[in-house]
Amino acid sequence: MTEVWTTEEVADHCGIKASSVRETMRRWGIEPYDRIPGRGGANRYPAAEVRAAKQAAPGKGNRTPRKKKA
């Protein structure tokens, strides 16, 4: 069985706010595995994909150096 994480679990693992999870997963190309049933149901994401994407993400403040002016 596939291990899935709730929005809160993804936020905790990635160190982001729960309100940012949906956008972050979209940018990383991770589709929701399913939704928790009910009116207020939240997306659940495959844990293995979240771990791999987090590992591959650049570190905080990672930027391309600016070119020196000639």
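Residues numbered from 1 in each chain as written. Predicted model: local features only at pLDDT ≥ 70, side-chain atom pairs only at ≥ 80, totals over all residues. Heavy atoms only, no water.

(A) Geometry of the pairing of strand S3 (residues 43–46). Note: strand S1 (residues 4–6) against S3, three bridges, orientation antiparallel. Opposite Val4, over in S3, you have Pro46 as the bridge partner. Of the pairings in the sheet, the one linking strand S2 (residues 34–35) to S3 comprises two bridges and is antiparallel in character. Counterpart to Asp34 in the pairing with S3 is Arg44. (Pairing = 2+ DSSP bridges. Helix = DSSP H or I, 4+ residues; strand = E, 2+ residues; numbered from the N terminus.)

(B) Spatial organisation of the pattern of salt bridges. In the structure shown here, the tally under the stated rule is three salt bridges. Two residues, Glu3 and Arg51, come together in a salt bridge whose shortest N-O distance is 3.0 Å. Residue Glu3 is located in the segment before S1, and its partner Arg51 is located in helix H3 (residues 47–56); the two are separated by 48 residues in the primary sequence. Under the relative-accessibility criterion, Arg51 is labelled partly exposed at 36%. Between Arg44 and Asp34 there is a salt bridge whose closest N-O contact spans 2.8 Å. One end of the pair, Arg44, is in strand S3; the other, Asp34, is in strand S2, with 10 residues separating them in the sequence. (Salt bridge = Lys/Arg side-chain N within 4 Å of Asp/Glu carboxyl O. Buried < 20%, exposed > 50% of the residue type's maximum accessible area, 1.4 Å probe, protein only.)

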